[in-house]
Amino acid sequence: MAYITLRDVQLAFGGPFLLDGANFSLERGERVCLIGRNGEGKSTLLKLIEGSLLPDAGEVALQNGITIAMLAQDVPMDSGKVADIVADGAGEAAAVLKAYHEASDACVLGDMDACDRMGNLQHKMDQLDGWSLETKVNAILSKMGLDPEADLADLSGGRKRRVLLARALLTQPDVLLLDEPTNHLDVESIEWLEKFLLDQNNLTLLFISHDRSFVDSIATRIVELDRGILRSYEGNYSRYLELKAQQMEAEEKQNALFDKRLAEEEVWIRQGIKARRTRNEGRVRALKALREESKARRSQQGKVSMATQEANRSGKLVFDIEHLQVTFGDNAPIIKDFSALVLRGDRIGLVGDNGVGKTTLIKAILGELEHGGSVKTGTQLEIAYFDQLRNALDLEKSVKDNVSEGSDFVDVNGGRRHIYSYLQDFLFSPERARTPVKALSGGERNRILLAKLLLKPSNLIVMDEPTMTWIW
């Protein structure tokens, strides 16, 4: 029996079906990559399998006794000791261990009730093999290069991602669900993750990724979610592209034949009274069925159409940075004695390992962090800043209200456009534009942020991880 089986699963949130009679099975030892355009429902599918969502119809069946762990796509903004957050991945064992330590501390202080609780908690720890939990936590944190005493809130996006991954891997689950596992990870961390996953002989993996190299290295099969339907493709991503091209060619031919037939029947129905004779009633019913089928047909998502707003030409000098230094508290400087000259027309890529201070450097240059040294800013500079954590978005508001701030119209290069028309350039239908941002995928949120930023005239664009969760 397969570890996971989906049978005729349907799920929708007020719009078109994200899953429309979807069928899928995951066998032991498979490493399946789930791909699809932004907003198709990939993360939703993982949540169905994890159990945090239920389908509207159909069945999600799991083999008895299997354990599942999931790494979500979003980076948390919470605080807390890294070791405790990772240990939470052990579920009940982590809670019992924490309660035992609390009872032990209270018992030492003379709380006799706490001393009595320790006996019961010790018995539970024996049953759950909880005593080895601390050792397991320290071992996996060592592999991930993480400080167990660090506060999650103080870590970079990449290091937060490592913490979440460590928590998902802690219990060595039968099935691991990974939603964009390479987001925020540097090249070295991605290579480590590839090797780690390939070395786990008994691990069954279902993952979402837009990293082609990672997919080709890991996947034994690719499953595409396209307009509510799941299709399986054996082999790597390159093989998928070949098979997908063949499928799209066949679909285009089929649609062309359908459209031709529908057009011919529409001409016939307009011939007049003869079409309503009894002997033609069957043909009229068939035409109605064709119309319904045409109405229900879902076309593939198009491509984003975007352009920057015209801004005044900046001066030749953009930034003159001399001896920049950033230090948090009494710790060693994160950035020390950095000097650089940025001129109009430069296109600069900032690279480095997780946690070395790339985002910190950007914020210091833009004046969002206190720093030593000097940053001289050029004249007539108009800046658009793309934040990797998408802090510029209000998750409770709709797409429309985030972009237009409540207005029905936006100004685009001197012209006035309706907000729904503008958002369609970024692949948001009017219905989708009224959806709260919190209900959208990571890639869709990136598109919202771009739509918002590009309304602002700018001659300098600063982008922190702009391709994270972006479509291929």
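Residues numbered from 1 in each chain as written. Predicted model: local features only at pLDDT ≥ 70, side-chain atom pairs only at ≥ 80, totals over all residues. Heavy atoms only, no water.

## Topic: the overall build of the protein
Keep this limit in mind: Secondary structure elements are defined from DSSP: runs of H or I of at least 4 residues count as helices, runs of E of at least 2 residues count as strands, and each element is numbered from the N terminus. Categorising residues by exposure relies on relative accessible area from a 1.4 Å probe, with only protein chains included: less than 20% of the type maximum marks a residue as buried, more than 50% marks it as exposed, and the intermediate range marks it as partly exposed. Contacts are residue-level and defined by heavy atoms, with any inter-residue pair within 4.5 Å sufficient. Note that accessible areas follow from Shrake-Rupley with a 1.4 Å probe, and for residues the cover is restricted to the protein chains shown.
Counting its secondary structure elements, the protein contains 15 helices and 16 strands. Along the three orthogonal principal directions, the C-alpha set of the protein runs to about 95 × 65 × 40 Å. Burial analysis of the protein (472 residues in total) assigns 42% to the buried set. Taking as baseline every contact in the protein between residues at least 6 positions apart, the subset at least 24 positions apart corresponds to 68%. Here the protein displays about 25,300 Å² of accessible surface, and carbon together with sulfur accounts for 48% of that area.

## Here's the deal with the sheet that holds strand E6 (residues 175-179)
Our working definition: Strands pair, by our definition, only if DSSP identifies at least two bridges between them. Fitted lines through C-alpha atoms give the axes, limited to the stretch in contact for helices. The angle between two N-to-C directions lies from 0 to 180 degrees.
A sheet is described by the order of its strands in space; here 6 strands give the open sequence E5-E6-E7-E3-E8-E9, paired in mixed fashion. A single partner strand is all that each edge strand has here, and the edge strands are strand E5 (68-71) and strand E9 (229-234). Sheet twist, expressed as the mean angle between neighbouring strand axes with direction ignored, is 20°. Here 6 bridges tie strand E8 (residues 221-226) to E9, and the two strands are oriented antiparallel to one another. When the bridges of E9 are listed, Arg221 appears paired with Glu234.

## Observations concerning the state of the cysteines
Our working rule: Two cysteine sulfur atoms form a disulfide, by the criterion used here, when they sit within 2.5 Å.
Applying the stated rule across the entire model yields 1 disulfide. Bridging Cys107 to Cys115, the disulfide has an S-S length of 1.8 Å. Between Cys107 and Cys115, the disulfide has an S-S torsion of 95° and is therefore right-handed. The class of Cys115 is partly exposed, set by a relative accessible area of 23%.

## Thoughts on the sheet that holds strand E11 (residues 335-343)
Spatially, 3 strands are ordered E11-E10-E12 in an open sheet, and the strand pairing comes out antiparallel. The sheet is open, and its two borders are formed by E11 and strand E12 (372-377), each paired with just one other strand. Between one strand and the next, the sheet's axes are offset by a mean angle of 5°, whatever the strand orientation. In the sheet, strand E10 (residues 317-326) pairs with E12 via 5 bridges, with the strands oriented antiparallel. In the sheet register, Phe319 faces E12, and the bridge partner there is Thr377.

## Details of the side chain of Ser398
To keep it simple, the criterion reads: Polar contact is the term for a pair of N or O atoms within 3.5 Å; when the atoms are in protein, one must be able to donate a hydrogen and the other to accept it, and sequence-neighboring residues count only if both atoms are side-chain atoms.
Of note, Ser398 is situated in the loop between strand E13 (383-386) and helix H12 (399-404). Side-chain polar atoms of Ser398 contact the backbone nitrogen of Asp401, separated by 3.1 Å.

## A word on helix H4 (residues 112-128)
As a reminder of what qualifies: Helix span is expected to be 1.5 Å times the residue number reduced by one.
For H4, built from 17 residues, the straight-helix expectation of 24 Å at 1.5 Å per residue is met to within 8% by its first-to-last C-alpha distance of 25 Å. Among all positions in H4, only Ala114, Met118, Leu121 and Met125 are buried. With a side-chain oxygen positioned 3.1 Å from the backbone nitrogen of Asp113, the residue opening H4 is Asp111. Trailing H4 by a residue or two, Asp129 shows a phi angle of about 55°, which is positive.

## What to know about the pattern of salt bridges
Defined as follows: Each reported salt bridge corresponds to a side-chain nitrogen of Lys or Arg within 4 Å of a carboxyl oxygen of Asp or Glu.
Evaluation of the coordinates by the stated rule reveals 12 salt bridges. Of the charged contacts, one joins Asp425 and Arg417 as a salt bridge, the two residues approaching to 2.7 Å between their closest N and O atoms.

## Some remarks on the packing of helix H5 (residues 133-144) against helix H6 (residues 157-169)
Worth spelling out the cut-off: In these notes the angle categories are as follows: under 35 degrees is roughly parallel, over 145 is roughly antiparallel, 65 to 115 is roughly perpendicular, and the rest is oblique. Handedness of a helix crossing follows the sense of rotation of the near helix relative to the far helix, less than a right angle counterclockwise being left-handed and clockwise being right-handed. Residue polarity follows a fixed list, in which Ala, Val, Leu, Ile, Met, Phe, Trp, Tyr, Cys and Pro are nonpolar, Asp, Glu, Lys and Arg are charged, and the others, Gly among them, are polar.
Taken N-terminus to C-terminus, the directions of H5 and H6 make an angle of 140°; their axes are 10 Å apart at the nearest point. On the basis of their axis angle, the class for H5 and H6 is oblique. Viewed along their axes, H5 and H6 form a crossing whose handedness is right-handed. Of the residues in H6, those in contact with Ile140, Leu141 and Met144 of H5 are Arg162, Leu165, Ala166 and Leu169. For the contact of H5 with H6, a count of residues per class yields 6 nonpolar, no polar and 1 charged.

## Structural notes on the packing of helix H3 (residues 92-108) against H4
Contact geometry for H3 and H4: axes closest at 9 Å, N-to-C directions at 150°. One element, H3, and the other, H4, form an angle in the roughly antiparallel class. The two elements H3 and H4 meet at a crossing, and its hand is left-handed. Every residue of H4 that contacts H3 at Glu92, Ala93, Val96, Leu97, Ala99, Tyr100, Ala103, Ser104, Ala106 and Cys107 is listed here: Ala114, Cys115, Arg117, Met118, Leu121, Gln122, Lys124, Met125 and Leu128.

## Comments concerning the nonpolar core
Going by this rule: Nine residue types can take part in a nonpolar core, namely buried Ala, Val, Leu, Ile, Met, Phe, Trp, Tyr and Cys, and a core is a set of them joined through side-chain atoms within 4.5 Å.
One finds Val86, Leu133, Leu176, Leu197 and Phe207 to be the most contacted residues of the largest nonpolar core, which totals 54 residues. Setting aside its immediate chain neighbours within four residues, Phe207 contacts Arg31, Val32, Cys33, Leu34, Leu178, Phe214, Val215, Ile218 and Ala219.

## Topic: the packing of aromatic side chains
Convention followed: Pairing of aromatic side chains here covers Phe, Tyr and the six-membered ring of Trp, requires ring centres within 6.5 Å, and sorts the geometry by plane angle: under 30 degrees stacked, over 60 edge-to-face, intermediate tilted. Criterion for a charge above a ring: Arg CZ or Lys NZ at most 6 Å from the ring centre, at most 35 degrees from the ring normal.
Across all of its chains, the model carries 4 aromatic pairs by this definition. Judged by centre distance (5.5 Å) and plane angle (85°), the rings of Phe207 and Phe214 are edge-to-face. Neither residue differs from the other here; Phe207 and Phe214 are each classed as buried. We note Arg416 situated over the ring of Phe409; from NZ or CZ to the ring centre the distance is 4.0 Å.

## Some details on the environment of Asp84
The residue Asp84 is located in helix H2 (residues 82-87) in this model. Asp84 gets classed as partly exposed once you look at its relative accessible area, which sits at 44%. A sequence separation of 153 residues divides Asp84 from Tyr237, and the C-alpha atoms of the two residues are 38 Å apart.

## Side note on the pairing of strand E1 (residues 4-11)
One face of the sheet, then the other: side chains in a regular strand alternate in exactly this way. In terms of strand pairing, E1 meets strand E4 (residues 57-62) through 5 bridges, oriented antiparallel. When the sheet's bridge partners are listed, Gln10 is paired in E4 with Ala57. For E1 and strand E2 (residues 19-26), the ladder comprises 6 bridges, and the chain directions are antiparallel. Across the sheet, the residue bridging to Val9 is Ala22, located in E2.

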